[in-house]
Amino acid sequence: MATASNAPVPDRNSLGKASFIIGLIALVLSFIPIVGFVSWLLAPLAVIFGLIAIRRTSRSLAIAGIITGVIALFVCFSWIKGTQAVGTALNRDTFNTNGETKDLSAAPILQANVKQIWTDIEANKVSAGQKYGASRLQFTNEKIADFAGDAAAPVIQFLGHSDGYINEFAGASFSQEDGKAIANFKKGDKISFVCEKIGEAIMGGYSLSGCRLK
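Everything numeric here is computed off the predicted structure, so don't read it as measured data.

(A) Region of interest: the packing of helix α1 (residues 14-30) against helix α2 (residues 39-53). Direction vectors running N to C along α1 and α2 enclose 155 degrees, while the axes themselves pass 8 Å from each other. As the angle between them shows, α1 and α2 are arranged roughly antiparallel. Both α1 and α2 take part in a crossing whose hand is left-handed. Between α1 and α2, the residues in contact are Leu-15, Gly-16, Ala-18, Ser-19, Ile-22, Gly-23, Ile-25, Ala-26, Leu-29 and Ser-30 and Ser-39, Leu-42, Ala-43, Leu-45, Ala-46, Phe-49, Gly-50, Ile-52 and Ala-53, respectively. Looking at side-chain class alone, the contact of α1 with α2 contains 13 nonpolar, six polar and no charged residues.

(B) Region of the structure containing the state of the cysteines. Applying the stated rule across the entire model yields one disulfide. A sulfur-sulfur separation of 2.0 Å characterises the disulfide bridge that pairs Cys-195 with Cys-211. Around the S-S axis, the bridge from Cys-195 to Cys-211 shows a dihedral of about 105 degrees and counts as right-handed. Separated by 16 residues along the polypeptide, Cys-195 in strand β5 (residues 190-200) and Cys-211 in strand β6 (residues 206-213) bring together distant segments of the chain. Comparing Cys-195 with Cys-211 shows no difference in burial state: the two are buried.

(C) Broad picture of the pattern of salt bridges. Counted by the stated rule, this structure contains three salt bridges. Its salt-bridge partner being Asp-120, residue Lys-131 comes within 3.4 Å of it at the nearest N-O pair. Here Asp-120 lies in helix α4 (residues 114-123) and Lys-131 lies in helix α5 (residues 125-132), a separation of eleven residues in the sequence. Residue classification places Lys-131 among the partly exposed residues on the basis of a relative accessible area of 45%. With a relative accessible area of 16%, Asp-120 lands in the buried category.

(D) Broad picture of the packing of aromatic side chains. Within the structure shown, the criterion is met by five aromatic pairs. Judged by centre distance (4.9 Å) and plane angle (20 degrees), the rings of Phe-139 and Phe-193 are stacked. Separated by 54 residues along the polypeptide, Phe-139 in strand β2 (residues 136-149) and Phe-193 in strand β5 bring together distant segments of the chain. Of the two residues, Phe-139 and Phe-193, neither departs from the other in class, the shared state being buried.

(E) A look at the side chain of Ser-19. Looking at where Ser-19 falls in the secondary structure, it is placed in helix α1. If we ignore the near neighbours within four places in the chain, the residues touching Ser-19 are Ala-46, Phe-49, Gly-50, Ala-62, Gly-65 and Ile-66.

(F) Molecular detail of the nonpolar core. Ranked by internal contacts, the top residues of the largest apolar core, which has 24 residues, are Ile-117, Phe-139, Phe-193, Tyr-206 and Leu-208. For this core, the secondary-structure elements that each account for two or more residues are α4, α5, β2, β3 (154-162), β4 (167-174), β5 and β6. Ignoring sequence-local partners within four residues, the contact set of Ile-117 consists of Ala-112, Tyr-132, Leu-137, Phe-139, Ile-198 and Tyr-206. Core analysis: the next-biggest nonpolar cluster, separate from the first, contains eight residues, Ala-26, Leu-42, Ala-43 and Ala-46 among them.

(G) Summary view of α1. The terminal C-alpha atoms of α1, which comprises 17 residues, lie 24 Å apart, in line with the 24 Å expected from a rise of 1.5 Å per residue. Taken together, the buried positions of α1 are Leu-15, Gly-16, Ser-19, Ile-22, Gly-23, Ala-26, Leu-27, Leu-29 and Ser-30. Buried residues along α1 cover an arc of 165 degrees about the axis, so they all sit on one side.

(H) Quick peek at unusual backbone geometry. Not every positive phi belongs to a glycine, and Asn-141 is a case in point at roughly 50 degrees. With respect to the helices, strands and loops of the structure, Asn-141 is situated in strand β2.

(I) Spatial organisation of the environment of Gly-204. Position of Gly-204 relative to the elements: it lies in the loop between β5 and β6. The spacing of Gly-204 and Phe-169 is 35 residues in sequence and 9.4 Å in space, taken between C-alpha atoms.

Rules behind the numbers
- Residues numbered from 1 in each chain as written.
- Predicted model: local features only at pLDDT ≥ 70, side-chain atom pairs only at ≥ 80, totals over all residues.
- Heavy atoms only, no water.
- Axes fitted to C-alpha atoms, helices over the stretch in contact; angles between N-to-C directions.
- Helix = DSSP H or I, 4+ residues; strand = E, 2+ residues; numbered from the N terminus.
- Parallel < 35°, antiparallel > 145°, perpendicular 65-115°, else oblique.
- Left-handed = near helix turned anticlockwise from the far one by under 90°.
- Contact = heavy atoms within 4.5 Å.
- Nonpolar A, V, L, I, M, F, W, Y, C, P; charged D, E, K, R; others polar.
- Disulfide = S-S within 2.5 Å.
- Buried < 20%, exposed > 50% of the residue type's maximum accessible area, 1.4 Å probe, protein only.
- Salt bridge = Lys/Arg side-chain N within 4 Å of Asp/Glu carboxyl O.
- Phe/Tyr/Trp six-rings, centres within 6.5 Å; stacked < 30°, edge-to-face > 60°.
- Core = buried A, V, L, I, M, F, W, Y, C linked by side-chain atoms within 4.5 Å.
- Expected span 1.5 Å × (residues − 1).
- Arc of directions from axis to C-beta.

If you want it as structure tokens, here you go:
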């Protein structure tokens, strides 16, 4: 008399197995920087295989493959969002809080003073950004401390801060149109000018750009 076998039925859903294995690999790789880009190929493949295999018997591995594939895609999207956030943060400064390029050529003009801006920045960067970041700045009778750049892109430096031992300068970048006039200036001269943009300098302090002589 024949008896029924109690042995487990093997999982013959090979596509489901493939879905799970690919999804698992995609999930593991998705956490690894640079190498994780491979998950963009593997994760969708795992989901597609899983969706096909889920219609067959022995669906457990197919379901697991779909889940791991979806999680891997989520991790990949998180990497993109994180990278974008870092990029935006690198583009931000005190005067441009969202990293966007702003056209201030028609912005209202605000009377400003080189040393006062420096003082305001040291006191509260956020407040200084709100005060100066959305306006064109007009400077009157500022004393030239030094020159930089060249005739095509002249830069005039003004004393922004001094503690008695170290002088720190704010640089104003002018266009080539002002180059000839600037060539006739010398250190100690006082000039008036308007600048369209203010930003944080790499070595500290701030810099001015889009400037023109008045």
